[in-house]
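# Coordinate analysis (summary)
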Amino acid sequence: LGNKQDAITHFETAAQKSSNRALAAEYQLSALLLELDSAEEMIRNKALAGIKELAEKKGLPVQALALYYLGEYAWTKKEYQDAQNYWSQLVISSQSNPDFANLELIKKAMSISQEFDSFLGALAKLYAEKGLSIEAKEAALAHLEKYPHDIEVKALVSKLNPLI
């Protein structure tokens, strides 16, 4: 609906003017995602570096978004190992900071790649921490189909059974 460069400029200006660190980082991410779509490799590389910086911003909700989009970008470039690494970091960061856990992004990342069976256990624990017992049990049972000897996840299912 217009000029992409204008949108980038508006997001960058909003990021600079915002006194809210979390909001400023999200504006910055929006600008970088638009730049990542550039035809110029130099601009794409700069945007990728900026998104990687945001992915290291512990304590800000933008970290989950940045990790998700880095994984999605790697996936589209057929860099599957990198994608799995970013999405693994997304799960881990969500576990270490449940206040900023973005369960929808984790589910979306997992649905893109079938290689995330091993992370269903981690997702089950995260759901349980968030009080989402039904989702936790579903994720745990799916994990146990591939990893039936995972004692920790079996214990989680046992703990969840009386709740459901």
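Residues numbered from 1 in each chain as written. Predicted model: local features only at pLDDT ≥ 70, side-chain atom pairs only at ≥ 80, totals over all residues. Heavy atoms only, no water.

## Considering the environment of Lys 52
- With respect to the helices and strands, Lys 52 occurs in helix H3 (residues 41-55).
- Sequence separation between Lys 52 and Ala 66 is 14 residues; the distance between their C-alpha atoms is 7.0 Å.
- What Lys 52 contacts, discounting residues up to four positions off in sequence, is Leu 70 and Tyr 86. (Helix = DSSP H or I, 4+ residues; strand = E, 2+ residues; numbered from the N terminus. Contact = heavy atoms within 4.5 Å.)

## Some thoughts on the packing of helix H2 (residues 21-36) against helix H4 (residues 62-76)
- Between H2 and H4, the shortest axis-to-axis distance is 10 Å and the interhelical angle comes to 10°. If you check the angle between H2 and H4, you find them roughly parallel. Contact residues: Ala 25, Glu 26, Leu 29, Leu 33 and Leu 36 in H2; Val 62, Leu 65, Ala 66, Tyr 69 and Tyr 73 in H4. (Axes fitted to C-alpha atoms, helices over the stretch in contact; angles between N-to-C directions. Parallel < 35°, antiparallel > 145°, perpendicular 65-115°, else oblique.)

## So, helix H7 (residues 120-129)
- Of all 10 residues that make up H7, seven are buried, and the element is covered over most of its length.
- Backbone geometry just after H7 places Gly 131 at a positive phi near 80°. (Buried < 20%, exposed > 50% of the residue type's maximum accessible area, 1.4 Å probe, protein only.)

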